[in-house]
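Residue-level listing of the chains:
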Amino acid sequence: MTPDLPELLNLREIEAAACEVLPPAAFAYYRGGANDEHTLRANREGYAALKLRPRMLVDVSQIDTSTTVLGVPLAFPVGVAPCALHGLVHPDAEVATARAAASVGSLMTLSTMSHRTIEEVFGAAPERCWFQLYLYKDREVSRALIARAEAAGARALVLTVDAPHLGRREAIIRTPVHIEPGTVLPNIGPRTPGREHLDDLAYFDTLLDPSLSWRDLAWLREQTRLPVILKGLLTAEDAALAAEHGCHVWASNHGGRQLDTAVTALEALPEMVEAVAGRAEVYLDGGISRGTDVIKCLALGARAVFVARPVLYGLALAGEAGVRRTLELLRDEVRLGMALCGKTRVGELGPELIRRSQ
Ligand SMILES: Cc1cc2nc3c(=O)[nH]c(=O)nc-3n(C[C@H](O)[C@H](O)[C@H](O)COP(=O)(O)O)c2cc1C
Ligand SMILES: CC(C)CC(=O)C(=O)O
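Residues numbered from 1 in each chain as written. Chains lettered and ligands numbered in written order. Predicted model: local features only at pLDDT ≥ 70, side-chain atom pairs only at ≥ 80, totals over all residues.

**Things to note about the UniProt feature "binding site: glyoxylate" (unreviewed entry) in the protein**
Then, in step 1: Look at the UniProt record and you will see "binding site: glyoxylate" (unreviewed entry) annotated at Tyr29, Gln132, Tyr134, Arg169, His254 and Arg257.
Then, in step 2: If you trace the backbone, tyrosine 134 turns up in the loop between β6 (129–133) and α6 (139–152).
Then, in step 3: A residue is classified by how many C-beta atoms lie within 10 Å of it, and tyrosine 134, with 22 of them, is buried.
Then, in step 4: Setting aside residues up to four positions removed in sequence, tyrosine 134 forms contacts with Thr112, Thr160 and Leu208.
Then, in step 5: Residue position: histidine 254 is located in the loop between β9 (248–251) and α11 (265–276).
Then, in step 6: The exposure class of histidine 254 is buried, given the 26 C-beta atoms found within 10 Å. (UniProt positions renumbered as here; feature names shortened; annotations may be inferred. Helix = DSSP H or I, 4+ residues; strand = E, 2+ residues; numbered from the N terminus. Buried ≥ 20, exposed ≤ 12 C-beta atoms within 10 Å, placed from the backbone. Contact = placed C-beta atoms within 7 Å.)

What follows is the structure, encoded as structure tokens:
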């Protein structure tokens with residue numbers, strides 16, 4: 001029997017409980033990483049290797065975990081990363097996630113590959129949504145999505161740049177994702193004739209534009225006035241280029257789902273923050289499951305972090321309430337962790353808080 005939400009004391013327990021109830025194809029799709037899953041594991045393991053240097057005898061009777069991301073106020077420095085196909089595990093899909101995020105003062109990044117429409121999701125979390133864009137070969141379809149996201153109130157556009165093709169996720173080769181016949185995936189348009197035999201992710205792969213390059217950012221700028229964030233960068237070189245192109249930076253290896261053995265975003269963060277040199281905001285995702293993970297990322301220069309799988313697991317367990325429980329656990333852990341580090345505001349989290357283990 002699935003335990004009640006209050007009995008699940010941390011994100012790992014939420015994951016374990018969700019994995020018991022997930023349908024096999026959703027489990028394979030949500031959990032999996034690319035190839036041998038080295039990067040997937042490294043994402044999690046990296047946080048424990050970084051040791052904290054807490055300060056004592058600081059008045060921590062008042063802790064303020066709030067911050068802003070591109071002007072959006074966050075009650076704590078954690079947002080929801082874009083994830084495709086929330087509807088595999090809950091009928092309210094991305095609407096439930098958006099509501100939960102808004103209810104705790106977080107932020108929802110809506111994936112291009114969603115079950116629910118941009119307007120439905122953004123309506124559930126006004127002023128608290130970003131739109132994640134996968135650029136299609138068919139620019140006209142992408143242009144229309146950008147216009148709709150902007151009209152519906154998106155506060156930023158997140159262009160995913162680490163997936164010219166989908167990585168090789170062997171779990172979903174074995175157990176492919178097939179959406180129920182008759183289900184409309186609102187942002188992918190009708191099937192291209194001749195591609196009907198493909199499963200939904202293999203089909204999505206055929207829509208992506210592998211020619212996407214820095215030159216396309218000029219086209220993107222012409223389509224929108226929204227701030228643009230490049231998601232999936234992992235080097236100082238690319239972070240510097242992003243800032244030169246007027247974009248913000250989202251350090252990520254896509255949850256170990258793209259290039260296996262790629263560096264972790266946590267490892268890459270210090271060089272990226274240095275390269276950006278304050279010209280852009282820098283965010284991070286990958287493997288976050290504890291408040292101390294969040295604190296370490298902020299100490300190394302991230303403005304905020306994002307979580308993907310933990311949110312999907314909360315959704316699978318209990319819809320909106322499950323996502324809320326996931327985010328509340330992180331929020332409370334961030335607050336306690338800051339107090340135990342002797343820090344009262346996120347602005348006080350700096351590199352002196354971290355000691356690298358030998
Ligand atoms: C099931 C699933 C679907 C995802 N879908 C998207 C997506 O549509 N767009 C995107 O940019 N990233 C997508 N990602 C990557 C996440 O945004 C994130 O970068 C990654 O999962 C790392 O976070 P995590 O370790 O908290 O899962 C997806 C990840 C998962 C697990
Ligand atoms: C539709 C997919 C390409 C979503 C994705 O980014 C992922 O599965 O990692």
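**Here's the deal with the site of ligand 1**
Then, in step 1: In the neighbourhood of ligand 1, 23 residues make up the surrounding shell, with Ala81, Ser111, Gly255, Ala308 and Arg309 lying closest.
Then, in step 2: Looking at the shell around ligand 1, the elements that each hand over two or more residues are α2 (24–31) and α13 (309–341).
Then, in step 3: Of the residues assigned to the shell around ligand 1, the class counts are 11 nonpolar, nine polar and three charged. (Near = placed C-beta within 6 Å. Nonpolar A, V, L, I, M, F, W, Y, C, P; charged D, E, K, R; others polar.)

**Let's talk about the environment of aspartate 205**
Then, in step 1: Note that aspartate 205 resides in helix α8 (residues 200–207).
Then, in step 2: When sequence neighbours within four positions are dropped, the list of residues in contact with aspartate 205 reads His165 and Leu166.

**Points about the pairing of strand β11 (residues 304–307)**
Residues in a regular strand point their side chains to alternate faces of the sheet.
Then, in step 1: Both faces of β11 are covered, namely the face carrying Ala304 and Phe306 and the face carrying Val305 and Val307.
Then, in step 2: Direction of pairing for strand β4 (residues 78–80) relative to β11: parallel, over a ladder of three bridges. Directly across from valine 78, in β11, lies its bridge partner valine 305.
Then, in step 3: The sheet contact formed by strand β10 (residues 282–285) and β11 spans three bridges and is parallel. (Pairing = 2+ DSSP bridges.)

**Observations concerning the environment of leucine 233**
Then, in step 1: Here leucine 233 is to be found in strand β8 (residues 228–233).
Then, in step 2: Separated by 87 residues in the primary sequence, leucine 233 and glutamate 320 place their C-alpha atoms 30 Å from one another.
Then, in step 3: Not counting residues up to four positions away in its chain, the partners in contact with leucine 233 are Val161, Asp238, Ala239, Ala242, Val249, Trp250, Ala251 and Met272.

**Regarding the site of ligand 2**
Then, in step 1: In the neighbourhood of ligand 2, the contacting residues comprise Ala84, Met113, Ala163, Leu166, Leu201, Phe204, His254 and Arg257.
Then, in step 2: Split by residue class, the shell around ligand 2 holds six nonpolar, one polar and one charged.

**Observations concerning the nonpolar core**
Then, in step 1: Formed by 108 residues in total, the largest nonpolar core has its most connected members in Val249, Ala251, Leu269 and Met272.
Then, in step 2: Counting residues per element, this core draws most heavily on α13, which supplies 14 residues.
Then, in step 3: Setting aside residues no more than four positions away along its own chain, alanine 251 makes contact with Leu233, Leu234, Ala265, Ala268, Leu269, Met272, Val282, Tyr283 and Leu284. (Core = buried A, V, L, I, M, F, W, Y, C linked by C-beta atoms within 7 Å.)

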